[in-house]
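Summary of structural features
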Amino acid sequence: MALDDILTQVPIDDIAAKLGVSPSVAREAVEQGGAVLLGGLAKNASTTEGSAAIENALKGHQGKTGAAKVDDIDVADGGKIVSHILGDDEQKVTQKLTESKETAGIDFGKLLPILAPIVMGLIANATKDKSAKPGTAEAQSGGGGIGDVIGGLLGGGSSSGGGGIGDLLGGLLGGGNSSGGGGIGDILGGLLGGKK
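Once a new chain begins, its residue numbering starts again from 1 and follows that chain's sequence as written. It should be noted that, the model being predicted, local features are given only for residues of pLDDT at least 70 and side-chain atom pairs only at 80 or more, the latter also being counted only at that level, while totals for whole chains, interfaces and linings use all residues. Based on all heavy atoms of the structure, the side-chain values leave hydrogens and waters out of the count.

1. Overview of the packing of helix H3 (residues 23–45) against helix H4 (residues 48–58)
- Each axis is a line fitted through C-alpha atoms, and for a helix only the stretch in contact is used; angles between axes span 0 to 180 degrees, taken between their N-to-C directions. Here a helix means four or more residues in a row that DSSP labels H or I, a strand means two or more in a row labelled E, and each is numbered from the N terminus. Interhelical geometry of H3 versus H4 gives an angle of 125 degrees and a closest axis separation of 6 Å. Our classification of the angle between H3 and H4 gives oblique. For the pair formed by H3 and H4, the contact residues are Leu41, Asn44 and Ala45 on the first element and Gly50, Ser51 and Ile54 on the second. Roughly parallel means an angle under 35 degrees; roughly antiparallel, over 145; roughly perpendicular, 65 to 115; everything else is oblique. Residues count as neighbours in contact if any of their non-hydrogen atoms are within 4.5 Å of one another.

Quick look at the structure:
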């Protein structure tokens, strides 16, 4: 699965119309929002409790695909998902994203709840396809659990040229070792535990 899988399931034009921005700005915002949600999920999946909670939440999203219009998305559910993923950092993260120059005019407080159910549906379907064993201890240690699926979406941490979300994150993070560029890299670095 790659970034294109998320983009094809998100109603970019409808989001652009709802948020009053161009489709290109909406697409950029969807890429950034998707990366932040996946980064937050990856951090949560790094603990046994977090991984179990994500696997439990994914059960309600299996079989769901993208939406043709924003109105087809359960934004209230999306808001709950965003709160669970970002926790206490939710307001800080959405504010920092909203202030980003690349996506001027996008209110991420409105966008992330639109994206969250779609991202969860994609991950749920990917884990179902991999027939991951939920609740096993090996899920955390690289034995095929939810962490592996999210890690795969994020490029497994070692961007070996596969494209997709790993490359997007690498770009947003400035190659992973950005020494102070601010913006999305700082947000994701904070979510992922402040990579050095």
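There is more to say, and it comes next.
2. Thoughts on the packing of H3 against helix H5 (residues 75–86)
- One way to put it is that H3 packs onto H5 with a least axis distance of 8 Å and a crossing angle of 55 degrees. By the angle between their axes, H3 is oblique relative to H5. Note that H3 runs across H5; the crossing there is left-handed. When H3 is examined against H5, the residues Val36, Leu37, Gly40, Leu41 and Asn44 are found in contact with a partner set consisting of Val82, His84, Ile85 and Leu86.
- When grouped by side-chain class, the residues that make up the contact of H3 with H5 number six nonpolar, three polar and no charged. Should the near helix be turned anticlockwise from the far one by less than a right angle, the crossing is termed left-handed; should it be turned clockwise, right-handed. Only Asp, Glu, Lys and Arg are considered charged in this grouping, and only Ala, Val, Leu, Ile, Met, Phe, Trp, Tyr, Cys and Pro are considered nonpolar; every other residue, Gly among them, is considered polar.

3. So, the environment of Leu7
- Within the fold, Leu7 resides in helix H1 (residues 3–9).
- Note: C-alpha distance between Leu7 and Val30 (23 residues apart in sequence) is 7.5 Å.
- Apart from the residues lying within four places of it in its own chain, the contact partners of Leu7 are Ile12, Arg27, Val30 and Glu31.

4. Observations concerning the nonpolar core
- Take the buried residues of types Ala, Val, Leu, Ile, Met, Phe, Trp, Tyr and Cys, join any two whose side-chain atoms come within 4.5 Å, and each joined set is a nonpolar core. To sort residues, take the accessible area from a 1.4 Å probe on protein chains only and compare it with the maximum for the residue type: under 20% means buried, over 50% means exposed, and anything in between is partly exposed. Core analysis: the biggest nonpolar cluster contains 43 residues, and Ile15 and Leu111 have the highest contact counts within it.
- Contributing elements (two or more residues each) for this core: H1, helix H2 (12–19), H3, H4, H5, helix H6 (90–98), helix H7 (108–130) and helix H8 (146–153).
- Per element, the largest residue contribution to this core is 13 residues, and it comes from H7.
- Those residues within four positions of Ile15 in sequence are excluded, and the remaining contacts are Val10, Ala26, Val30, Val70, Leu111 and Ile114.

Bear in mind that shape data such as this cannot, by itself, settle questions of function.
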